[in-house]
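# Structural features, examined
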Amino acid sequence: MCVIGGGVNGTGVARDLALRGLRVVLFERNDLAFGASGNSSGMIHGGVRYLETNPSVTETSCRDSGYIQQIAPFLLHRIPFLMPIPEGKKGRILLELIDAYFRAYDNYQPLKHSEPHTRISAEDLKRLEPGLVGENAGGLTFDEWGTDGARLCVLGAIDAEEHGAVIHTHTTVESAKREGDAWKVEARDLIDQRRHVITATVIVNATGAWSPITARLGALPPERVRVRPGKGIHVVFDRRVSNYGILASAIDGRQIFVMPWQNVTTIGTTDDDYFGDLDDVVSTSEEVRYLVQGVARIFPAIREARAIGTYAGVRPTLYAFGRLEDKLSREHEIVDHESDGAPNAFSMIGGKLASFRLFAQEMSDRIARDLAPSTVCTTHTTPLPGGEREVDAMQLADKFQITPVAARRIVFRHGARAENVLSNLGKTPAAREIVCPCEPVLGAEIMHAVHHEHARTVDDVARRTRLGLGACGGMRCAERCGQIVARELDLKPSEGRAQAHAFLVKQAKMRAPALGPEQARQEALAIAAMRAAGTE
Amino acid sequence: MKVVVVGSGAAGTAAVISARAAGADVTLVRGRAGASALGSGALDGVIDDDAKSITSALELHAVGACSVATSAGTIRKASGHDLSLLDLDQVKGPVLVARVAHVAWDADALAAAFSENDPRAFVARDVGIVLHTDERAMNHVELAARHDDPARLSRAAERIRSALEGASAVLLPPWLGAAAPRAKELSALAGVPCGEVLVPIDGPAGVRFERARDRWLQNARIDAKPGRASRVSEGKVVLESGEELSCDAIVLATGGVLAGGIVYTPGEPSTFALSYDAPVQLGLDGMPLAVPGSMYGVPPESLVWPGGEGLERVGIVSHTSAIRTCGDCASSRPRTMLEALSSGARVGRESAR
């Protein structure tokens, strides 16, 4: 089985097939979770907004959210949301309508172990979130689950690997050809230029927004896997600035939000047709203003908060012409290329983070129907690596003599495997070092990411650990992380430095559109530091 | 002449020193720490007589072309350096990189990085100068302060001597003095040149600058007012406390964006502003800032690293004989310590006339 793409769909299907005992090779052109999977809102939500147009999306999202909690409970955190309903001519009626709407949503809540919604008064709204301004008719509460999309991909890939799969990151497929009854796939490692040639019975194109490009490499008609790439950005603030997630409206009436997520606050998201380079998606200050303006209307404190960066991704939405971005279907679809004269070639189009596991199951069932009919899907019952049992972060902190904050964050990312990460502590003095103080990230976790999670660059480490994504923008840790990556991978020290530099440039580019007064001083400091180190 | 200097970083200090040397009656308004307090200890740019006069007054730097090793693993050229940094141009043979028990110091990684592109051999060996377990995670500046103690320094020299094994110089973490640079003393005790690696932002070089400045101000009995200026006009400086200072000439040395002298506010048509009232104009690259064609001001993407460095290019463009500017708050000057010293010295001298 050859799976192309290391996002949630690719790693999901690789894991599913590997768990069924099939032999899998996965190629990822950039890094695991490089695209939409690692740049989403980071929510396994129930898809409340699809209830009106696509209730089946809501149901599958909720059901799958429940499964993900079973297999990786450590990787989820509850985000309670407030939805203020503004006072006005129709405020009361709107409140009734939305209340009823959420009553319908409540039917699905048990599937994802969430609380049913509640209706609260304007006074309670104000009491729960004193930062809210404006007169409200009342409001609603509901809850969703926050997660880390990059971790889901990485853990999926690791589990696949532990069940026999082979994972190649930074390896781009250059061609896929039919040879006899099989596919011959040629790929090239973009870092060390090594070539891989494999023979596969089945080939799965799980490359999200890149799908048409990938199809062309296999001489498949790209219009059969057409997506409508929708760019979405988020702005990240340096701490939790609200107690709850809050829904707000943007100037065009679109729903946007501000929410506490992991140890930061994010606001999101935009949805705009994208026609640019998928390997280099950047935010703009206009997009940032659109979001900040919308949120500030009801939560003005956001203007005073310190934005430390942005991130951007491109949704692989199903193609349709002549519809507004928001009205596009979030459903997923499997394209069987048999009718294109290419048997045993499939493309996975569309999909959402919240229902990725289900999509992977559908794809794997389709493949297994012909090739391994006796197998069944077990991805919803088999724990992801780390989900085998619960671990207590405080006990871990005590046992390994690390700070409780670091222990908590390691447990969030690694679950029960946190012990494996920390078993590196004694190996070198650098393992105990708090390399990234913002997150925090210990040297031991970097080593673990390099040796057990396919991290090959500083940027890869950041995706897995959130190193360098805090308030200092990597100034304190990128160089050091580069040194550690270079040493662990036997690279030249200058290669580690070059990786660190590339990471810092990328982060600076993503921070720039959200620059505020305090961050401006930090930027000036970064410029001075680069100059002082002679690495400008 | 009565001169008021606003700002006590490198530029302000240089202005005070040269105005006093020219016979002026100088008052210094001392704000908070800025870019100079975060300095790395490297001097970049061209050294002129103005800069030289200040470095000799402060007794903090060696001037002249040199090469310093950085904690980022690079070796880079500079026009001068804090006396505690090791000048590799003066070293021929193998260099010992001290391996010490500290979480922010990886001698082996540094030695490997320096050796990659440099003909000198860099070797890491244990040098037991961390004496207590609490020091293993202590910040550099505090450890530097501990080495102000002569007993501690001679103990370090002993440890270095026993680890030398033929090394002709020793690179150490940035711990060689907070009150003053101690590398010279240590080198004499150890018998070989010893010095620090440059740390880009949180090393002790900035603290040493502050201490050297304070020593000079005290010896010269300069009237130094704590606090910030809130309003500046010809012949008068009003402090945030309400106190008013009258004078014949004013020197603005209030720093750029990094120090807080210039404030960047997105979403305002006047994206950049001084952090106090003054009858001066801001500009970019020496030209007055134009009104942007956007209600949201200048797009930040065009200003910051990488690509643009607008944050550093904005500064005061208007000059009169009553209000002069120097250092980072002046437009189109390189944001370096040397430029601050040189422009401060020149402006201080002019103001005293």
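Residues numbered from 1 in each chain as written. Chains lettered and ligands numbered in written order. Predicted model: local features only at pLDDT ≥ 70, side-chain atom pairs only at ≥ 80, totals over all residues.

What follows covers the overall build of chain B. Looking only at helices and strands, chain B has 9 helices and 20 strands in total. In terms of C-alpha radius of gyration, chain B reaches 22 Å, essentially the compact-globule figure of 20 Å for 353 residues. Looking at chain B residue by residue over its 353 residues, the buried ones come to 52%. (Helix = DSSP H or I, 4+ residues; strand = E, 2+ residues; numbered from the N terminus. Rg over C-alpha atoms; globule rule 2.2 N^0.38 Å. Buried ≥ 20, exposed ≤ 12 C-beta atoms within 10 Å, placed from the backbone.)

A word on the sheet that holds strand E2 (residues 25–30) of chain B. All names here are of chain B. Across the sheet, which stays open at both edges, the 5 strands sit in the order E10-E2-E1-E14-E20 with parallel pairing between neighbours. The strands lining the two open edges of the sheet, one partner per strand, are strand E10 (223–226) and strand E20 (323–325). The sheet shows a mean angle of 20° between the axes of neighbouring strands, taken without regard to direction. For strand E14 (residues 249–252) and E20, the ladder comprises 3 bridges, and the chain directions are parallel. Looking at the pairing, Leu252 lines up with Thr325 of E20. Against the sheet, helix H1 (residues 10–21) makes contact with strand E1 (2–6), E2 and E14, and its axis sits at roughly 170° relative to E2, the strand it touches most. (Pairing = 2+ DSSP bridges. Axes fitted to C-alpha atoms, helices over the stretch in contact; angles between N-to-C directions. Contact = placed C-beta atoms within 7 Å.)

Our focus in this paragraph is the sheet that holds strand E6 (residues 95–99) of chain B. Residue and element names in this part refer to chain B. Within the open sheet, the 4 strands sit side by side as E7-E6-E8-E9. Their pairing is parallel. Because the sheet does not close on itself, it has two edges, and the strands there are strand E7 (122–126) and strand E9 (194–196). Across this sheet, the average inter-strand angle for adjacent strands is 30°, counted without regard to direction. Here E6 pairs with E7 via 5 bridges, running parallel. Bridge pairing in E7 places Val97 opposite Ala124. Against the sheet, helix H6 (residues 183–190) engages strand E8 (169–172) and E9, with an angle of about 145° to E9.

On to unusual backbone geometry, then. At the junction of Gly268(A) and Thr269(A), the peptide bond is cis and its omega measures out at -10° in the coordinates. Locating Thr269(A) in the fold gives a position in the loop between strand E15 (264–268) and strand E16 (272–273). Omega for the bond connecting Glu439(A) with Pro440(A) falls within 30 degrees of zero, at -5°, which places this linkage in the cis form. Looking at the secondary structure, you find Pro440(A) in the loop between strand E20 (434–436) and strand E21 (441–442). At Gln401(A), a residue that is not glycine, the phi angle is positive and equals roughly 55°. Mapped onto the elements of the fold, Gln401(A) is located in the loop between helix H9 (393–400) and helix H10 (404–414). Residue classification places Gln401(A) among the exposed residues on the basis of 9 C-beta atoms within 10 Å. Despite not being glycine, Glu59(B) has its phi angle at roughly 50°, a positive value. Mapping Glu59(B) onto the fold places it in the loop between helix H2 (49–58) and strand E4 (61–69).

The next point concerns the interface of chain A and chain B. With 34 residues of chain A in contact, the opposing surface of chain B contributes 37 residues. At the level of secondary structure, the elements contributing two or more residues to the side of chain A that touches chain B comprise helix H7 (285–296), helix H12 (429–432), helix H15 (478–488), helix H16 (493–511) and helix H17 (517–533) of chain A. Looking at the side of chain A that touches chain B, the element that brings in the most residues is H17(A), giving 12 residues. Taken together, the residues of the side of chain A that touches chain B sort by class into 17 nonpolar, 7 polar and 10 charged. (Nonpolar A, V, L, I, M, F, W, Y, C, P; charged D, E, K, R; others polar.)

So, on to the domain arrangement of chain B. Each assigned domain of chain B is listed here: domain 1 (2–39 + 212–351) and domain 2 (61–200). Just the C-alpha atoms count here: the centres of domain 1 of chain B and domain 2 of chain B sit 34 Å apart. (Domains from an automatic or database assignment.)

Residues and elements named next belong to chain B. Regarding H6, the residues found buried are Ala183, Leu186 and Ala190. Seen end-on, H6 carries its buried residues on one side only, within an arc spanning 65°. Looking at the buried positions of H6, the neighbouring elements they touch are helix H5 (150–163), E8 and E9. Of the residues flanking the end of H6, it is Gly191, one or two places downstream, whose phi is positive at about 90°. (Arc of directions from axis to C-beta.)

Residues and elements named next belong to chain A. Closest axis-to-axis distance for the H9/H10 pair is 8 Å, and the angle between their directions is 120°. The angle between H9 and H10 places the two elements in the oblique class. Considering how the two elements wind past one another, H9 and H10 form a crossing that is right-handed. Across the interface between the two elements, Ala393, Met394, Leu396 and Ala397 of H9 pack against Pro404, Ala407, Arg408 and Val411 of H10. Residues of the contact of H9 with H10, tallied by class, amount to 7 nonpolar, no polar and 1 charged. (Parallel < 35°, antiparallel > 145°, perpendicular 65-115°, else oblique. Left-handed = near helix turned anticlockwise from the far one by under 90°.)

All names here are of chain A. Contact geometry for helix H13 (residues 443–452) and helix H14 (residues 458–465): axes closest at 10 Å, N-to-C directions at 110°. The angle between H13 and H14 places the two elements in the roughly perpendicular class. Contacts between H13 and H14 pair Glu445, Ile446 and Ala449 from the former with Val461, Arg464 and Thr465 from the latter. Here the residues of the contact of H13 with H14 are counted per class, giving 3 nonpolar, 1 polar and 2 charged.

Our next topic: the domain arrangement of chain A. Residues and elements named next belong to chain A. Here chain A is partitioned into domain 1 (2–36 + 150–226 + 329–371), domain 2 (78–147 + 228–319) and domain 3 (424–533). Distance between the C-alpha centres of domain 1 and domain 2: 33 Å. Taken together, the 14 residues of domain 1 in the interface contact 11 residues of domain 2. Its residues assigned to classes, the side of domain 1 that touches domain 2 comprises 5 nonpolar, 6 polar and 3 charged.

Both faces of the sheet carry side chains from a regular strand, because those side chains alternate between them. Residues and elements named next belong to chain A. Here strand E6 (residues 136–146) lies mainly inside the structure; 9 of its 11 residues are buried. Here 2 bridges tie strand E3 (residues 43–44) to E6, and the two strands are oriented antiparallel to one another. The partner of Ile44 across the bridge, within E6, is Trp145. Note that strand E4 (residues 77–86) and E6 share 10 bridges and pair antiparallel. Counted as the bridge partner of Phe81 is Phe142 from E6. The pairing of strand E5 (residues 118–120) with E6 spans 3 bridges and is antiparallel. Its bridge partner lying in E6, Ile120 is registered against Gly139.

Residue and element names in this part refer to chain B. For His81, the location among the structural elements is in strand E5 (residues 75–82). Its 26 C-beta neighbours within 10 Å are what place His81 among the buried residues. Those residues in contact with His81, other than ones at most four positions away along the chain, are Gly41, Ala42, Leu43, His61, Ala62, Cys66, Val68 and Asp87.

The next thing to look at is the nonpolar core. Counting 283 residues, the largest nonpolar core has Val24(A), Cys481(A), Val5(B), Val6(B) and Val170(B) as its most contacted members. Here the element with the most residues in this core is H17(A); it accounts for 9 residues. Here Val6(B) is in contact with Val29(B), Ala229(B), Val232(B), Val237(B), Ile250(B), Val251(B), Leu252(B), Ala253(B) and Thr254(B), once residues within four sequence places are set aside. (Core = buried A, V, L, I, M, F, W, Y, C linked by C-beta atoms within 7 Å.)

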